[in-house]
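Reading the structure
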Amino acid sequence: YALPVYGTVDPNPLMAPFFILFYGIMMADMGYGLLMVLGAVFMIKKMRARGGMRNFAELLFYCGISTFVIGALTGGFFGDFLPQLASIINPDTTFTALPALFTPLEDTMAILVGSLVLGFIQIITGQVVSFVKKARDGHLWDGVWDEGPWWMIYLGVGLAVLGVGNVAGYPVVLVVGILMLAYGSTRNSKGIGKVGAFVGAVYNGATGIFGDVLSYARLMALMLSGSIIASVFNTLGGITGNVVTFVLIAMVGNALNFALNLLGCYVHDLRLQCLEFFKTFYQDGGKPFRPLAINTKYVDIKEEN
């Protein structure tokens, strides 16, 4: 994406919480999160990362914390490395899993539903930002008729599912939302164009929002795939029945899994921000701010009194 136009919305503060949370959900492992935090600290303290590399290190640090926290909730530490190791050392051990609030393999549907709910929250957040932006620019009614109908429809669908708010068997809030959409989508059209505008708004809005929400299923998919791959390599190592061989196989497999997910989670997370979130409010076409400064490549100038 190009930089945002001057005077419009800076997406970074809005995107950062979602990006960091989503990354942690997809990676979801205490061991991987710990490696990410240590790697970020090494880059900042030892490598003295600057500029874009420093920004990347800080992002890695926060995503590592999120990964560790979600990993603690799912009971993952390099997959099921610790229980597998314990079973090799003592076949009669009762330590079969780390404490977990939920696990990818046993609570897959719950994680899927949670992922879709988080996606819906981010989409609504983007619509709220779009509404505030239009109101700030003096186009309040554009915000009312562009975003308002969909909020009424969301509320109406929710009430209809719960069986609340019906009058004479009709979901009043949902009907009001549809009427608002009919007016809002056709207010700038004339004649037969109003029909086409309304049909286009319903089709593009309904299929677009539904498709956008479904895109967040990748949060569950990457969490599940990462957990399974780690467990497979741990199991392969455990078959040998030897602690040393188990550790070697498990670490090689987890290193591969970590490297793949480190990049994969970044790409999929960024896709959600750029395609599902940004399109509701982001306006590109800005130019970078480059003030006069001393940019040294190999020397840091430090002034002392």
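Everything below is about the structure printed above this text.
An account of the accompanying structure is given in this report. Owing to the predicted nature of the structure, the values given are computational and were not obtained by experimental measurement.

Our focus in this paragraph is the overall build of the protein chain. From N to C terminus, the protein chain includes 11 helices and 4 strands. The C-alpha radius of gyration of the protein chain comes to 25 Å, more than 25% above the 19 Å expected for a compact globule of 305 residues. Dimensions of the protein chain along its principal axes, counting C-alpha atoms only, are 80 × 65 × 30 Å. Here the protein chain holds 305 residues, and the buried ones make up 34% of them. Of the contacts made within the protein chain by residues no fewer than 6 positions apart, 76% connect residues no fewer than 24 positions apart. When the accessible surface of the protein chain is summed, it comes to about 17,900 Å², and 69% of that surface belongs to carbon and sulfur atoms. Distance between charge centroids for the protein chain: 11 Å, based on 18 positive and 18 negative side chains.

Turning our attention to unusual backbone geometry. Within the chain, alanine 28 stands out as a residue other than glycine whose phi angle is a positive 45°. Structurally, alanine 28 can be placed in the loop between helix 1 (12-27) and helix 2 (30-45). The exposure class assigned to alanine 28 is buried, which follows from its relative accessible area of 9%.

As a further point, take the nonpolar core. Among the nonpolar cores identified, the biggest contains 50 residues, and Phe22, Tyr23, Met27, Met36, Leu219 and Phe281 are the most heavily contacted of them. Looking at which element gives the most residues to this core, the answer is helix 1, with 8 residues. Setting aside residues no more than four positions away along its own chain, phenylalanine 22 makes contact with Leu118, Gln122, Tyr216, Leu219, Asp269, Leu272 and Gln273.

Let us now look at the environment of leucine 14. One can find leucine 14 in helix 1. With 120 residues separating them in the primary sequence, leucine 14 and lysine 134 have C-alpha atoms 17 Å apart. Not counting chain neighbours up to four residues away, the residues in contact with leucine 14 comprise Val9, Val129, Phe277 and Phe281.

Turning our attention to helix 3 (residues 51-74). Here helix 3 spans 35 Å end to end across 24 residues, near enough to the 34 Å set by a 1.5 Å rise per residue. Elements that come into contact with the buried residues of helix 3 comprise helix 1, helix 2, helix 10 (217-239) and helix 11 (243-277). Of the residues flanking the end of helix 3, it is glycine 75, one or two places downstream, whose phi is positive at about 75°.

Two elements in contact, helix 1 and helix 3, have axes separated by 7 Å at closest approach and are oriented at 50°. In terms of orientation, helix 1 and helix 3 fall into the oblique class. Judged by the sense of rotation from one axis to the other, the crossing of helix 1 with helix 3 is right-handed. Residues Phe19, Ile20, Leu21, Tyr23, Gly24, Ile25 and Met27 of helix 1 pack against Leu59, Tyr62, Cys63, Ser66, Thr67 and Ile70 of helix 3. Its residues assigned to classes, the contact of helix 1 with helix 3 comprises 10 nonpolar, 3 polar and no charged.

Take helix 1 next. Think of an α-helix as 3.6 residues a turn; residues three or four steps apart then line up on the same face. Taking 1.5 Å per residue as the helical rise, helix 1 with its 16 residues ought to reach 22 Å, and the 22 Å between its terminal C-alpha atoms agrees with that figure. Residues of helix 1 that are buried include every one of Met15, Phe18, Phe19, Phe22, Tyr23, Gly24, Ile25, Met26 and Met27, and no others. Each element contacted by the buried residues of helix 1 is listed here: helix 2, helix 3, helix 5 (108-136), helix 10 and helix 11. Positive backbone phi, at 45°, marks alanine 28, one or two positions downstream of helix 1.

Time to look at the environment of leucine 275. Within the secondary structure, leucine 275 sits in helix 11. For the pair leucine 275 and aspartate 212, spaced 63 residues apart in sequence, the C-alpha separation works out to 8.5 Å.

What counts and what doesn't
Starting afresh in each chain, residues are numbered from 1 along the sequence in its written order. For a predicted model such as this one, the threshold for reporting local features is a pLDDT of at least 70, and the threshold for listing and counting side-chain atom pairs is 80 or more; totals across whole chains, interfaces and linings nevertheless cover every residue. As a convention, hydrogens and water are excluded, and side-chain values are obtained from all of the structure's heavy atoms. Secondary structure counts use DSSP, requiring at least four H or I residues in a row for a helix and at least two E residues in a row for a strand, with both numbered from the N terminus. In this treatment the radius of gyration is a C-alpha quantity, and the globule benchmark scales as 2.2 Å times the residue count to the 0.38 power. Here the term buried applies to any residue with accessible area under 20% of the maximum for its type, exposed to any over 50%, and partly exposed to those in between, with areas from a 1.4 Å probe on protein chains only. The criterion used for residue contact is that any of the two residues' heavy atoms lie within 4.5 Å. Only the protein chains shown count as covering a residue, and every accessible area follows the Shrake-Rupley method with a 1.4 Å probe. The charge count includes Lys and Arg as positive and Asp and Glu as negative, but it does not include His or the ends of the chains. A single reference atom marks each charge: NZ on Lys, CZ on Arg, CG on Asp, CD on Glu. Put simply, buried Ala, Val, Leu, Ile, Met, Phe, Trp, Tyr and Cys residues joined by side-chain atoms within 4.5 Å make one nonpolar core. The span expected for a helix works out to 1.5 Å for each residue beyond the first. Under this scheme, a helix contributes an axis fitted over its contacting stretch, all axes are lines through C-alpha atoms, and angles between N-to-C directions fall in the 0 to 180 degree range. Roughly parallel means an angle under 35 degrees; roughly antiparallel means over 145; roughly perpendicular covers 65 to 115; every other angle is labelled oblique. Two helices that cross are described as forming a left-handed crossing if the nearer one is turned anticlockwise from the farther one by less than a right angle, and a right-handed crossing if clockwise. The residue classification treats Ala, Val, Leu, Ile, Met, Phe, Trp, Tyr, Cys and Pro as nonpolar and Asp, Glu, Lys and Arg as charged. All others, Gly included, are polar.

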